[in-house]
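An overview of the molecular structure
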Amino acid sequence: MTGAIADTITDAELAEMFAKVDHCFEVLEEDDNLNRAERLLQETLKKVSDPAIKSRIYAYLAQVEFWHYEYAPEGSKARREFAKKGADLAKKALEFDEGNVWANAWASAMLGIHGQEEGIMSILHYLPKIAAYARRAVELDETYNSAMGHQVLGNLYRLSPPRPIGIGNKRKSLEHLTRARELAPACPVAAISYAELEISRRKKDEARKALQFVIDTKKVDHGPLFMARQKAKAGRLMEKI
């Protein structure tokens, strides 16, 4: 046991816990895995004192809220509550340690989601922080969670209004979403974001290729419900081209 890291849990036990939680996220729709992941994280949080470990756990708990948000009905009160809770947890992760990839990646994602749920003024207020956290995540580990930092930045530049109101920039969006696809070629979410950008740029052939990949893929990320939604979204976008 390393006293600086934990009070009542060994390094090996800590690594095993994170591995179990990562597996729960990978097969999210099986065996009540989202609630199982949350229980493991909450139980471990009581056993650790090191700020860096607490930060990682809070970032993982923000990820739990992200998945609750993803599966909640669109426009529902629950969805907004999950977004807020996830943003708060991610900010808490940063308070404990602002120098790790988990806290920065999930802060960028959850502040963006919470801002979207709260409306245009909130998302504009959050823009500088979201961009800063996503850039830091890229610096720390650009491969993390299917190139999450690149995906956040790509979508930020894609969806934001242009200057002086926002930071919209299709060239920068293309750079980051292209890099995300290079680092995570099997990720359907990255492919859809890339396709949406290419549609806006009138690059229909490139958009079709990315969408067809999602429609045809046999890979199942997180579970069949999640993948069915990605394929349905890709199909709807394909019909518009």
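Next up on the list: the overall build of the protein. Counting its regular elements, the protein contains 11 helices and zero strands. Helices and strands appear in the protein in the N-to-C order α-α-α-α-α-α-α-α-α-α-α. In terms of principal-axis extent, the alpha carbons of the protein reach across some 55 × 40 × 35 Å. Out of the 241 residues belonging to the protein, those deemed buried represent 48%.

This brings us to the confidence of the model for the protein. Looking at the protein, the pLDDT average stands at 93 and 96% of residues meet or exceed 70. In this model residues 1-6 is a low-confidence stretch, pLDDT under 50, and it forms 16 contacts with partners more than four residues away in sequence or in other chains.

A few words now on the packing of helix α7 (residues 144-159) against helix α9 (residues 188-200). Orientation of α7 relative to α9, taken along the N-to-C sense of each, is 25 degrees, at an axis distance of 11 Å. With respect to α9, the axis of α7 lies roughly parallel. As for the relative orientation of α7 and α9, their crossing is left-handed in sense. Residues Gln-151, Asn-155 and Arg-158 of α7 touch α9, and the partners they reach there are Val-189, Ala-190, Ser-193, Glu-196 and Leu-197.

Once that is clear, we can look at the environment of Trp-102. Tracing the backbone through its elements, the reader meets Trp-102 in helix α5 (residues 101-118). Spatially, the C-alpha atoms of Trp-102 and Ile-57 are 8.8 Å apart, while their sequence positions differ by 45 residues. Among all residues touching Trp-102, those that are not within four sequence positions of it are Arg-56, Ala-59, Tyr-60 and Tyr-144.

Let's shift gears to the packing of aromatic side chains. Inspection of every chain in the model, using the stated rule, returns seven aromatic pairs. Measuring from centroid to centroid gives 5.5 Å for Trp-67 and Phe-226, while their planes differ by 75 degrees, and the two rings are edge-to-face. Here Trp-67, found in helix α3 (residues 51-71), pairs with Phe-226, found in helix α11 (residues 224-240); they are 159 residues apart in sequence, far enough to count as distant. Considered together, Trp-67 and Phe-226 belong to a single accessibility category, that of buried residues. Among the aromatic side chains, those forming a connected cluster through ring pairs are Phe-66, Trp-67, Tyr-71, Trp-106 and Phe-226. Its guanidinium or amino end placed over the ring of Phe-18, Arg-56 lies 3.7 Å from that ring's centre, counting from NZ or CZ.

Before going further, it helps to spend a moment on the pattern of salt bridges. Scanning all chains against the criterion turns up 18 salt bridges. Between Arg-39 and Asp-32 there is a salt bridge, with the nearest N and O atoms lying 3.9 Å from each other. By relative accessible area, Arg-39 is classed as partly exposed at 45%. Note on Asp-32: relative accessible area 46%, which makes it partly exposed. Ionic pairing is found between Arg-179 and Glu-142, a salt bridge with its closest N-O pair at 2.8 Å. Remark: Glu-142 occurs in the loop between α6 (120-141) and α7 and Arg-179 occurs in helix α8 (residues 170-183); sequence separation between them is 37 residues. On the accessibility criterion, Arg-179 (29% relative accessible area) is partly exposed. Given a relative accessible area of 25%, Glu-142 falls into the partly exposed group.

Let's shift gears to the state of the cysteines. Evaluation of the coordinates by the stated rule reveals zero disulfides. A disulfide-free cysteine, Cys-24 has its sulfur positioned 20 Å from the sulfur of Cys-187, the nearest such atom. According to the relative accessible area criterion, Cys-24 is buried, its value standing at 0%. For Cys-187, a relative accessible area of 9% translates into the label buried.

The rules behind each value
Residues numbered from 1 in each chain as written. Predicted model: local features only at pLDDT ≥ 70, side-chain atom pairs only at ≥ 80, totals over all residues. Heavy atoms only, no water. Helix = DSSP H or I, 4+ residues; strand = E, 2+ residues; numbered from the N terminus. Buried < 20%, exposed > 50% of the residue type's maximum accessible area, 1.4 Å probe, protein only. pLDDT = per-residue confidence, 0-100. Contact = heavy atoms within 4.5 Å. Axes fitted to C-alpha atoms, helices over the stretch in contact; angles between N-to-C directions. Parallel < 35°, antiparallel > 145°, perpendicular 65-115°, else oblique. Left-handed = near helix turned anticlockwise from the far one by under 90°. Phe/Tyr/Trp six-rings, centres within 6.5 Å; stacked < 30°, edge-to-face > 60°. Lys NZ or Arg CZ within 6 Å of the ring centre and 35° of its normal. Salt bridge = Lys/Arg side-chain N within 4 Å of Asp/Glu carboxyl O. Disulfide = S-S within 2.5 Å.

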